[in-house]
Amino acid sequence: MASSIPGSCCFTGVLHEGNPKGEIKQINNIRAYIAHPEGDEKPNKAVILLSDIFGIFPNSQLVADAFAANGYLCVLPDLFNGDQISIGDYDAKRIDVGAWLSRHTVDDVAPIVEAAIKHLRTVLQVQKVAAAGYCFGGKYVVRYLKVGQLDSGYIAHPSFVTKEELSAIQRPLSISAAEHDPIFTTANRHASEETLIGTGQEFQINLFSGVSHGFAIRGDLSQPRVRFSKEQAFAQAVSWFNHTL
């Protein structure tokens, strides 16, 4: 495995403060949050934000807004058709993890990702399409780093990624990793490095000390180290897309 299946650390987090500026629209019957760069209604570069299990919620919407503020049209599709988990559900034992995961397999999620890519390329005629995936969403960035699909990818503390998926990428990939991560472990990270070298694709892996799985999207921003790492991980994503698109 390049990264292991989700664990308890994937189902907990902290809600971030802020007022999302984008809008909810329908893309081929798929609900999506869309953030436009200010003053640019037809940008030629876009980022698809593939979320963690919390889906379209303030944290991911604010990250989408941040990509838009950096000049990228950002589309955050609802990967779960309204069945996302809310922060607090896991701790309150309101969620059957196994049952939830069984409802959101590759067969369920992949068509949503494909629809988002197709919409950007054919309807909006965006020239360059990248994707940023957090936790659950990281798998689908890796799966679609192919010619004619995604042009560049960024993932933070991914889960569910297989070695076969990682070895098949055809486009550049950047990864933000946490020092303390039972999903994307040190061993998994080192194995991923070897796999990425074998692909011949340009890649980058940044390791952030003292933080845990989920820091880049739902960490506790009252902790200075977590806030710094989250901000730097986002800067990594933007710099990577600026470089590779």
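Basis of the calculations
Along each chain, numbering runs from 1 in the same order as the chain's sequence is written. pLDDT decides what is reported in this predicted model: residues at 70 or higher carry local features, side-chain atom pairs at 80 or more are listed and counted, and totals for whole chains, interfaces and linings draw on all residues regardless. Think of the side-chain values as coming from all heavy atoms in the structure, minus any hydrogens and water. The buried label goes to any residue with under 20% of its type's maximum accessible area, the exposed label to any with over 50%, and the partly exposed label to all in between, with areas taken from a 1.4 Å probe on protein chains only. Strands here are runs of E lasting at least two residues and helices are runs of H or I lasting at least four, both read from the DSSP assignment and numbered beginning at the N terminus. Strands are labelled as partners when DSSP assigns at least two bridges between them. In this description, a line fitted to the C-alpha atoms serves as the axis of each element, helices being fitted only across the stretch in contact, and the angle between N-to-C directions of two axes falls anywhere from 0 to 180 degrees. Should any heavy atoms of two residues lie within 4.5 Å, those residues are considered in contact. We call two directions roughly parallel when the angle between them is under 35 degrees, roughly antiparallel when it is over 145, roughly perpendicular when it lies between 65 and 115, and oblique otherwise. It is the rotation of the near helix from the far one that decides the hand of a crossing: anticlockwise by less than a right angle makes it left-handed, clockwise makes it right-handed. The criterion for an aromatic pair is that two Phe, Tyr or Trp rings (for Trp, the six-membered ring) have centres within 6.5 Å, with stacked assigned to planes under 30 degrees apart, edge-to-face to planes over 60 apart and tilted to the rest. Crossover handedness is defined here as right-handed if the route from the first strand over the helix to the second strand goes clockwise, with the strands pointing away from the viewer.

**Observations regarding the pairing of strand β2 (residues 30-35)**
In terms of burial, β2 is a largely internal element, five of the six residues being buried. Pairing of strand β1 (residues 23-27) with β2 involves five bridges; the strand directions are antiparallel. Across the sheet, Glu23 pairs through a bridge with Ile34, a residue of β2. Counted along the chain from β1 to the antiparallel partner β2, the turn is two residues long, and its residue Asn28 has a positive phi close to 50°. Here four bridges tie β2 to strand β4 (residues 73-77), and the two strands are oriented antiparallel to one another.

**Brief notes about the sheet that holds strand β8 (residues 203-212)**
Ordered in space as β1-β2-β4-β3-β5-β6-β7-β8, the eight strands form an open sheet in which the pairing is mixed. The open sheet has two edge strands with one neighbour each: β1 and β8. Sheet twist, expressed as the average angle between the axes of neighbouring strands with direction ignored, equals 25°. Contacting β1, β2, β3 (45-50), β4 and β5 (128-134), helix α3 (residues 106-123) crosses the sheet at an angle of about 165° to β3. Packed onto the sheet, helix α6 (residues 186-199) meets β7 (173-180) and β8 and runs at close to 170° relative to β8.

**Thoughts on the packing of helix α1 (residues 58-69) against helix α8 (residues 224-244)**
Running from N to C, α1 and α8 point in directions that differ by 45°, and their axes come no closer than 11 Å. By the criterion of interaxial angle, the relationship of α1 to α8 is oblique. When you trace α1 past α8, the crossing you get is right-handed. Residues Val63, Ala66 and Phe67 of α1 touch α8, and the partners they reach there are Lys230, Phe234, Ala237, Val238 and Phe241.

**Comments concerning the packing of aromatic side chains**
One pair of aromatic rings is described through two measures. These are the centre distance and the angle between the planes. A full pass over the atoms with the stated rule returns 11 aromatic pairs. Ring centres 5.0 Å apart and planes at 50° place the aromatic pair Phe80 and Trp100 in the tilted group. In this pair, Phe80 is assigned in the loop between β4 and α2 (97-102) and Trp100 in helix α2, connecting sequence segments 20 residues apart. Take Phe80: its relative accessible area is 1%, and that puts it in the buried class. According to the relative accessible area criterion, Trp100 is buried, its value standing at 0%. On the numbers, 6.1 Å between centres and 65° between planes, the contact of Tyr134 with Tyr154 is edge-to-face. Here Tyr134, found in strand β5, pairs with Tyr154, found in strand β6 (residues 152-156); they are 20 residues apart in sequence, far enough to count as distant. The same class applies to Tyr134 and to Tyr154, which are both buried. Three or more aromatic residues joined by ring pairs make a cluster, and in this case those are Phe80, Trp100, Phe136, Tyr140 and Phe160.

**Some details on the environment of His180**
Examined against the element boundaries, His180 turns out to sit in strand β7. On the basis of relative accessibility, which here comes to 41%, the residue His180 falls in the partly exposed class. Sequence spacing of His180 and Ser212 is 32 residues, and the spatial spacing of their C-alpha atoms is 4.6 Å. Excluding residues that lie within four positions of it along the chain, His180 makes contacts with Gly210, Val211, Ser212 and His213.

**Section: the pairing of β8**
Of the pairings in the sheet, the one linking β7 to β8 comprises seven bridges and is parallel in character. Residue pairing across strands places Ser174 opposite Gln204, the latter belonging to β8. Note on the crossover from β7 through α6 to β8: the handedness is right-handed.

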